[in-house]
Amino acid sequence: MTTVLAIETSCDETAVAIVNNRQVLSSIIASQIPVHQQYGGVVPEVASRAHLETINDAIAQAMDQAQLDWDKIDAIAATCAPGLVGALLVGLTAAKTLAILHNKPFLGVHHLEGHIYATYLSEPTLDPPFLSLLVSGGHTSLIYVKECGNYETLGETRDDAAGEAFDKVARLLKLGYPGGPVIDKLAQTGDPQAFALPEGKVSLAGGGYHRYDGSFSGLKTAVLRLVQQLEKDGDSLPIEDIAASFQATVAKALTKRAIACALDYGLDTIAVGGGVAANSGLRQHLQTAVSANNLRVLFPPLKFCTDNAAMIACAAADHLSRGHTSSLTLGVESRLNLSQVMKLYS
Ligand code: KG4
Ligand code: ZN
């Protein structure tokens, strides 16, 4: 049994959690969304400062909620890549300090490996191999999960991430930040077939389309043109129908690629992770498609789809149980390919 305290500060949530293998003992998520809302997106310097102000309280609350003493914690972990450098530094430095202070092993964790591990929090018996569909604000990838620390990216977006597309479309519809939850809500009462929008296929040099890669920037531009046309015609914007059509297009595109990939590689389970895994349209499309293809799809609990530290602690616990620890000289990286995860450990 491995108990890990982990810190996640890669973007706009200050999160601390304590996990025993795959069981969450405490999870604190202090969201900075209200701080960034006035700017329409995350401002890196503001994020770092807010993490600094919140981190000590969040650690104290996580210890309190778990009702544990430090001698029951086996290791301290923090997200070290990828993410906003200043924001990552706050969490990493706090984790290293705790590790030195309490004489515990320290582990740096790759943020996307954390999102993959979020599924284990609701499915503790899940074992690789499986296909991970990772859809967040910064990433959209299809990942072949072979074992802890061993990942192969099979498909990805060529431009905008899925969450980024939700955020950009919400901004042009003047719906505020973050865009995913509000579009999801509006789409419930809209007609998903009201407007035909492009799915963002990527052409191959020899003809045809890429089976797993996609693009979302054309879809975002198509929504912009649609809005401009409707405004020019003097029509009031059917926001719900636009939201529903956009959401259904994203869900259809992601589902098609994930199913093709799972079938081609003989993987019977698709585990979805990242903020967009909370999307109700994507959940419905995937559920229907997996049933038709004799596959299964797993989603993390809603609160562990978006950024949290429980998923980071869960990944760290698995690495620790394999004897992996990180050097206290480990730094942060704004970008790090998932295939490089093992370079974080010695
Ligand atoms: O995983 P996450 O918290 O942070 C990153 O690692 O990027 O994902 C945040 C993204 C945002 O773009 C947000 O708009 C999107 O997830 N999101 C959603 C929903 N909830 C959050 N997108 C679609 N539908 C949702 N219900
Ligand atoms: Zn994330």
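Because the structure is predicted, anything quoted here is derived from the model rather than measured.

1. Some remarks on the sheet that holds strand S7 (residues 140-147)
The strands that make up a sheet are held in pairs by hydrogen bonds between backbone atoms, and each pair lies either parallel or antiparallel.
Thought 1: Strands sit in the order S8-S7-S6-S11-S12 across an open sheet of five strands; the sheet is mixed. What marks the edges here is a single partner per strand, and that holds for strand S8 (150-156) and strand S12 (296-298). Across this sheet, the average inter-strand angle for adjacent strands is 25°, counted without regard to direction.
Thought 2: Here strand S11 (residues 269-273) pairs with S12 via three bridges, running parallel. Paired with Ile270 across the two strands is Val297, which belongs to S12.
Thought 3: Of the strands in this sheet, strand S6 (130-135), S7, S8 and S11 are in contact with helix H8 (residues 239-264), which crosses S6 at around 160°.

2. Here we look at the pattern of salt bridges
Thought 1: In the structure shown here, the tally under the stated rule is 10 salt bridges.
Thought 2: A salt bridge links Lys220 to Asp160, with the shortest nitrogen-to-oxygen separation between them at 3.2 Å. Of this pair, Lys220 sits in helix H7 (residues 217-232) while Asp160 sits in the loop between S8 and helix H5 (162-172), placing them 60 residues apart in sequence.
Thought 3: Asp318 is paired through a salt bridge with Arg322; the nearest N and O atoms lie 2.5 Å apart.
Thought 4: Ionic contacts of the salt-bridge type, sharing partners, join the residues Asp160, Glu164, Lys168 and Lys220 into one network.

3. Notes on the site of ligand 1
Thought 1: By nearness alone, 20 residues border ligand 1, and Gly137, Asp167, Asp184, Asn279 and Asp307 come closest of all.
Thought 2: Separating an oxygen atom of ligand 1 from a backbone N or O atom of Gly137 is a distance of 2.8 Å.
Thought 3: Contact distances for ligand 1 include 2.9 Å between a nitrogen atom and a side-chain N or O atom of Asn279.
Thought 4: Relative to its free-state accessible area of 550 Å², ligand 1 is covered by the protein chains to the extent of 88%.
Thought 5: More than half of the atoms of ligand 1 fall within 2 Å of the grid points belonging to the largest pocket.
Thought 6: Sorting the residues of the shell around ligand 1 by element identifies helix H4 (111-122), H5 and helix H6 (179-187) as the ones contributing at least two each.
Thought 7: Of the residues contributing to the shell around ligand 1, the split by class is five nonpolar, 12 polar and three charged.

4. A word on the pairing of S7
For a regular strand, side chains alternate in direction, first toward one face of the sheet and then toward the other.
Thought 1: Burial of S7 is extensive: six of the eight residues sit out of reach of the surface.
Thought 2: Strand direction decides the pairing type here: S6 and S7, joined by six bridges, are antiparallel. Bridged to Leu131 within S7 is Tyr144.
Thought 3: Linking S6 back to S7 in an antiparallel pair, the connection comprises four residues.
Thought 4: Relative to S8, S7 runs antiparallel, the two being bridged by six bridges. Paired with Val145 across the strands is Tyr151, a residue of S8.
Thought 5: The turn joining S7 and S8, which pair antiparallel and follow one another in sequence, is formed by two residues; a positive phi near 85° is taken by Gly149.

5. Brief notes about the coordination of the zinc ion (ligand 2)
Thought 1: Within the first shell, the zinc ion (ligand 2) binds the protein through His111 (NE2), His115 (NE2) and Asp307 (OD), at distances of 2.0 to 2.1 Å.
Thought 2: All donors of the zinc ion (ligand 2) belong to a single chain; written as a sequence motif, their spacing is H-x3-H-x191-D. Here His115 and His111 lie together in helix H4, a separation of four residues that amounts to about one turn. Just as His111 is buried, His115 falls in that class too.

6. Some points on the side chain of Asp12
Thought 1: Within the secondary structure, Asp12 sits in the loop between strand S1 (3-8) and strand S2 (13-20).
Thought 2: Of the polar contacts made by the side chain of Asp12, one reaches the side chain of Tyr177; its length is 3.3 Å.

7. Concerning the layout of surface pockets
Thought 1: Estimated volume of the largest pocket: approximately 1,400 Å³.
Thought 2: Surrounding the largest pocket, 49 residues form its lining, Ser136, Gly137, Gly138, His139 and Ala161 being those nearest its centre.
Thought 3: Residue assignment for the lining of the largest pocket shows that the elements contributing at least two residues are H4, S7, S8, H5 and H6.
Thought 4: Residue contributions to the lining of the largest pocket peak at five residues, all from H5.
Thought 5: Forming the walls of the second largest pocket are Ala187, Gln188, Gly190, Pro192, Ala244, Gln247, Ala248, Ala251, Ser280, Gly281, Gln284 and His285.
Thought 6: Every element with two or more residues in the lining of the second largest pocket is listed here: H8 and helix H9 (280-292).
Thought 7: Residue composition of the lining of the second largest pocket, by class: five nonpolar, seven polar and no charged.

8. Topic: the pairing of strand S4 (residues 75-81)
Thought 1: Counting buried residues along S4, seven of its seven residues qualify, which places the element largely inside the surrounding structure.
Thought 2: As paired elements, S1 and S4 share four bridges and run parallel to each other. Of the residues in S4, the one forming a bridge with Ile7 is Ala78.
Thought 3: Pairing between S4 and strand S5 (residues 106-110): five bridges, direction parallel.

What counts, and at which threshold
- Residues numbered from 1 in each chain as written.
- Chains lettered and ligands numbered in written order.
- Predicted model: local features only at pLDDT ≥ 70, side-chain atom pairs only at ≥ 80, totals over all residues.
- Heavy atoms only, no water.
- Pairing = 2+ DSSP bridges.
- Helix = DSSP H or I, 4+ residues; strand = E, 2+ residues; numbered from the N terminus.
- Axes fitted to C-alpha atoms, helices over the stretch in contact; angles between N-to-C directions.
- Contact = heavy atoms within 4.5 Å.
- Salt bridge = Lys/Arg side-chain N within 4 Å of Asp/Glu carboxyl O.
- Near = heavy atom within 4 Å.
- Polar contact = N/O pair within 3.5 Å; in protein donor to acceptor, adjacent residues only side chain to side chain.
- Areas by Shrake-Rupley, 256 points an atom, 1.4 Å probe, with all protein chains shown as cover.
- 1 Å grid on protein atoms, 1.4 Å probe; cavity = no way out; pocket = protein on both sides within 12 Å on 5 of 7 lines; lining within 4 Å.
- Sits in = over half its atoms within 2 Å of the grid points.
- Nonpolar A, V, L, I, M, F, W, Y, C, P; charged D, E, K, R; others polar.
- Buried < 20%, exposed > 50% of the residue type's maximum accessible area, 1.4 Å probe, protein only.
- Donors = N, O, S within 2.8 Å, 3.2 Å for Na, K, Ca; no water.
- Points joined across faces, edges and corners; volume = space filled by probe spheres on them.

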